[in-house]
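The residues making up each chain are set out below.
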Amino acid sequence: MNQKAIVLDNAAIRRALTRIAHEILERNKGVDDLMLIGIKTRGLPLAKRLQERIKEIEGIEVSLGELDITLYRDDLSHAAENSEPTLADAKINDRITGKKVILVDDVLYTGRTVRAAMDAIMDQGRPSQIQLAVLVDRGHRELPIRADYIGKNIPTAQSEVITVALDEIDQSDMVSIYEK
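For clarity, every value in this text was computed on a predicted model and none was experimentally measured.

Reading guide: rules and limits
- Residues numbered from 1 in each chain as written.
- Predicted model: local features only at pLDDT ≥ 70, side-chain atom pairs only at ≥ 80, totals over all residues.
- Heavy atoms only, no water.
- Helix = DSSP H or I, 4+ residues; strand = E, 2+ residues; numbered from the N terminus.
- Contact = heavy atoms within 4.5 Å.
- Buried < 20%, exposed > 50% of the residue type's maximum accessible area, 1.4 Å probe, protein only.
- Pairing = 2+ DSSP bridges.
- Right-handed = clockwise from strand over helix to strand, strands pointing away.
- UniProt positions renumbered as here; feature names shortened; annotations may be inferred.
- Core = buried A, V, L, I, M, F, W, Y, C linked by side-chain atoms within 4.5 Å.
- Phe/Tyr/Trp six-rings, centres within 6.5 Å; stacked < 30°, edge-to-face > 60°.
- Lys NZ or Arg CZ within 6 Å of the ring centre and 35° of its normal.
- Axes fitted to C-alpha atoms, helices over the stretch in contact; angles between N-to-C directions.
- Salt bridge = Lys/Arg side-chain N within 4 Å of Asp/Glu carboxyl O.

J.: Would you mind going over the environment of aspartate 173 with me for this structure?
T.: Within the element layout of this structure, aspartate 173 appears in the loop between α4 (167-170) and β9 (174-179). Residues within four places of aspartate 173 in sequence aside, it is in contact with Asp9, Asn10, Ile13, Arg49, Ala165, Leu166 and Asp167.

Structure, rendered in structure tokens:
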């Protein structure tokens, strides 16, 4: 694959997450009954960063959970066209019933990962709301799912791949577009 462009660098990612944190607080009128749940792998560090930003702004640490959803990702390979998402593990320490759950992920593409995450959350309890925050929305939805908070909309062709690198996992912060 050939890299076409770097779309977000470290500073742009930081600004996008700060803006998303402010939008979450504004829409939810503060942090009451708020919980962030990161979808592994890269949604979890993004959720932790949002938790830190919200604490800087409000002085209160919101609950944080994680979902590990294994998905044969059709945005990376069409070899597993009929594969279904499976829930590998959920680490949610607080009750989610009655909470406003913010699901956090790196890239929104077909919507299959988010659908699997919503099913997993409903198995844990009944939140009052489920909202979605993503760093990148690249379009090409197969399911009627949309993000409530978006760092950057990046319209892409089917032949392109969005790659998110985060310090916590990849030792750098960057969002790039690659041509297959």
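J.: I would appreciate a short explanation of the pairing of strand β5 (residues 100-108) in the present structure.
T.: Regular strands have side chains that alternate between both faces of the sheet. A large share of β5 lies buried, amounting to nine of its nine residues. Looking at chain direction, strand β2 (residues 34-39) and β5 are connected through five bridges and run parallel. The residue of β5 that forms the bridge with leucine 34 is lysine 100. In this view, the connection linking β5 to its parallel neighbour strand β6 (residues 129-137) by way of helix α3 (residues 112-124) has right-handed handedness.

J.: What is the right way to read the pairing of β6 from this model?
T.: Within β6, seven of the nine residues are buried, which leaves it mostly tucked inside the rest of the structure. Here β5 pairs with β6 via eight bridges, running parallel. Looking at the pairing, valine 107 lines up with valine 136 of β6. Here β6 runs beside strand β7 (residues 149-153); their pairing, made up of four bridges, is parallel. Among the inter-strand pairings, valine 134 is bridged to a residue of β7, identified as isoleucine 150.

J.: What's the story with the UniProt feature "short sequence motif: PRPP-binding" (unreviewed entry) in the protein chain in this structure? I'm lost.
T.: Per the UniProt record, "short sequence motif: PRPP-binding" (unreviewed entry) is found at residues 101-113. Split by type, residues 101-113 is 15% helix and 62% strand. Its first and last C-alpha atoms lie 16 Å apart.

J.: Can you walk me through the nonpolar core in this structure?
T.: The tendency in soluble globular proteins is for nonpolar side chains to be buried as a group. Grouped together as the largest cluster of nonpolar side chains are 30 residues, with contacts concentrated most on Leu135 and Val175. Within the residue set of this core, elements represented by two or more residues are α1 (10-27), β2, α2 (43-58), β5, β6, β8 (160-165) and β9. Considering each element in turn, this core owes the most residues, eight residues, to α1. Listed in part, the 19 residues of the second largest apolar core include Ile37, Ile69, Leu132 and Ile145.

J.: I keep staring at the packing of aromatic side chains and nothing clicks. Help me out?
T.: The geometry of an aromatic ring pair is captured by the separation of the ring centres together with the interplanar angle, meaning the angle of the planes. The full count for this structure, using the stated rule, is zero aromatic pairs. Seen from the ring of tyrosine 109, arginine 138 lies directly overhead, with NZ or CZ sitting 4.0 Å from the centre.

J.: Can you walk me through the sheet that holds β9 in this structure?
T.: The strands making up a sheet associate through hydrogen bonds between their backbones, and the pairing can be parallel or antiparallel. Read across the open sheet, the three strands follow the order β1-β9-β8; overall the sheet is antiparallel. Taken across any chain shown, the strands that pair with only one partner, and hence form the sheet edges, are β1 (2-8) and β8. When the angles between neighbouring strand axes are averaged without regard to direction, this sheet yields 25°. Direction of pairing for β1 relative to β9: antiparallel, over a ladder of five bridges. When the sheet's bridge partners are listed, asparagine 2 is paired in β9 with glutamate 179.

J.: Quick question: what am I supposed to make of the pattern of salt bridges here?
T.: Pairs can form between side chains of opposite charge once their charged atoms are near each other. Applying the stated criterion across every chain, the model contains 13 salt bridges. Here aspartate 119 ties to arginine 115 by a salt bridge, and the two come within 3.3 Å at their closest N and O atoms. Within this pair, aspartate 119 and its partner arginine 115 are both found in helix α3, separated by four residues, close to a single helical turn. The closest approach of N and O atoms between aspartate 148 and arginine 146, which form a salt bridge, is 3.3 Å. Several salt bridges share partner residues, and in doing so they unite Lys4, Glu160 and Glu179 into one network.

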